[in-house]
Amino acid sequence: MYVKVLMQDVWRSKINWDEKISPEIESKWKQWINIIPDIQTLKIPRCYLQHFDNFRDVKVQLHTFVDASKDGYAAVCYFRVQKGNLVICSIVGSKSRVAPIKITSVPRLELMAALIGARFAKHVAENHTLQISQKFYWSDSKTVLSWINSDHRRYQQFVAFRVTEILEITAINDWRWIPSKQNVADDATKWAKTPRISNDSRWLRGPDFLSKSEEDWPLPDFQHEPTKEEQVHRLFVVSKYEAVFTEPRFSKWSRLVRSAAFVLRFICNCRRSDKNTGEFSREELQKAEHILFRQAQYEKYFAEFENLLNGKSLSKTSEIYNKSPYIENGILRVYGRIDNANISREQKRPIILPKGSRITFLLLMSYHEKYYHTSQPQMATLPRARLASFTSPFAYTGMDFFGPILVTVNRHKEKRYGCLFTCLTIRAVHIEVVHFMNTDSYILAFRNFMAPRN
């Protein structure tokens, strides 16, 4: 861990290959060089049960300690083997990581230490044949223990995802608090002093309390209460729209527009000293119409307005999704492809009006009455051929070609066309197959059509 942090400091200092390192880094490097000879004296027995005559009635516990600092985080695992009154603690292995280059808070690093500790303990249990009776996870971070014992959905994604994985691997009751002075993982993350490397160091034999009975183990001095750190703060914004003009009271579009114009003029006169009176101008009536159009759109397409104003795309389930709507002066319009046409702006980019709206209905009725569409248009009289009763079929006949169609000739397919004769009176049909759509083929088909009817 120390060398990893040292290499990270060298990288952060942006020293080139041919440049001399800083005195601070040089001092740390010499400190590490002085420790290396002590490593040769270490002897780590790999048999966890060497002090026992037999393996009967042996109780094996797996203890995992995790810790973090601003430089990195680490986890270390021990087997606590007990038979009768004899207790032996042996180191199994450890994992360490340097802190990310991007500044990360210590509680987050503590959580990452808990995660690698849970993963490492799972790996140890799966790769040993010993029957582990209990598992314990020790951390000196009260914040991390509060996260693990709380509803992880209340916190930011960084915390929620890691707590979820920890709970998938471990049980909540297996996590315990330990003072920092008794946390052996602290030796891997804090290098304020030169570490003690010897066969009787607590890093190799484990903390002293593991050799005692469980009654003498550290007890938590706090309750697992939800912490506000990394908690998600949700803000709910409720948007409500209320119509200004109650259009159901009106039966004509012109009255509704003039009433809206009266209201707008009143508001304008309240804000200015010179009052506007007399007949309504064209601009006032047009502004009143736009206010009504906007009201109709807000009542039906409020969600679409919110999405477009916030720069978001419309939902594909929206009624106006295929119309490529956009907002111009507070009104929804259709984006078209006829901007180069010699027509007015209103025709190039028409306003979107919702179906079923009272405002839309009154507007359509006004144009209906304006252009005298008070009844259905009179249809033209039917031609005499359609009404020729008591005449032979095909007395009046229409003709057309269709195709091509594939027909079987011997053992291959050839293209043919159909010559369709239709009786204009009773809609009877006669079809002749022809080789080509030309005059000769038609004359031959016409003769075949006439032959049975003289």
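Look above for the structure.
Q: Looking at this structure, how should I read the overall build of the protein chain?
A: Helix and strand content of the protein chain: 13 helices and ten strands. Taken against the 2.2 N^0.38 rule, which gives 22 Å for 454 residues, the C-alpha radius of gyration of the protein chain at 44 Å runs more than 25% over that of a compact globule. Expressed as a percentage of the 454 residues in the protein chain, the buried residues total 34%. Considering only contacts in the protein chain between residues 6 or more positions apart, those separated by 24 or more positions represent 61%. Total accessible area computed for the protein chain in this model is approximately 30400 Å², and 53% of it derives from carbon and sulfur atoms. Taking the average place of the 67 positive charges on the side chains of the protein chain and the average place of its 47 negative ones, the gap between the two points comes to 8 Å.

Q: Would you mind showing me how to read the sheet that holds strand β8 (residues 397–409) here?
A: Each strand in a sheet pairs with another by means of backbone hydrogen bonds, the pair being arranged parallel or else antiparallel. Pairing is antiparallel in the open sheet, where three strands are placed in the order β8-β9-β10. At either end of the open sheet lies a strand with only one pairing partner, and these are β8 and β10 (429–434). The sheet shows a mean angle of 25 degrees between the axes of neighbouring strands, taken without regard to direction.

Q: Looking at this structure, I do not really get the environment of P452. What am I missing?
A: Relative to the elements of secondary structure, P452 occurs in the segment after α13 (439–450). On the basis of relative accessibility, which here comes to 58%, the residue P452 falls in the exposed class. On a C-alpha basis, the gap between P452 and Y326 in space is 65 Å, while along the polypeptide they are 126 residues apart.

Q: Would you explain the sheet that holds strand β5 (residues 175–177) in this entry?
A: Taken in spatial order, the five strands make up an open sheet running β3-β2-β1-β4-β5, and their pairing is mixed. Bordering the open sheet on either side are β3 (86–98) and β5, each of which pairs with just one other strand. Ignoring which end each strand starts from, the neighbouring axes of this sheet average 25 degrees apart. In this sheet, β5 lies alongside strand β4 (residues 132–139) in parallel orientation, the contact comprising three bridges. By the bridge assignment, Y137 is partnered in β5 with W175. Sheet contacts for helix α3 (residues 106–126): β1 (59–68), β2 (72–83), β3, β4 and β5; angle to β2, the most-contacted strand, approximately 40 degrees.

Q: Would you mind showing me how to read the state of the cysteines here?
A: Structurally, a disulfide amounts to a covalent bond that connects the sulfur atoms of two cysteines. In total, this model carries zero disulfides according to the counting rule given. Counting only cysteine sulfurs, C89 is the nearest neighbor of C77, a cysteine outside any disulfide, at a range of 13 Å. In this structure C419 is a free cysteine whose sulfur lies 15 Å from that of C423, the closest cysteine sulfur available. Residue classification places C419 among the buried positions, given a relative accessible area of 0%.

Definitions and limits used
- Residues numbered from 1 in each chain as written.
- Predicted model: local features only at pLDDT ≥ 70, side-chain atom pairs only at ≥ 80, totals over all residues.
- Heavy atoms only, no water.
- Helix = DSSP H or I, 4+ residues; strand = E, 2+ residues; numbered from the N terminus.
- Rg over C-alpha atoms; globule rule 2.2 N^0.38 Å.
- Buried < 20%, exposed > 50% of the residue type's maximum accessible area, 1.4 Å probe, protein only.
- Contact = heavy atoms within 4.5 Å.
- Areas by Shrake-Rupley, 256 points an atom, 1.4 Å probe, with all protein chains shown as cover.
- Lys, Arg positive; Asp, Glu negative; His and termini not counted.
- Charge placed at Lys NZ, Arg CZ, Asp CG, Glu CD.
- Pairing = 2+ DSSP bridges.
- Axes fitted to C-alpha atoms, helices over the stretch in contact; angles between N-to-C directions.
- Disulfide = S-S within 2.5 Å.

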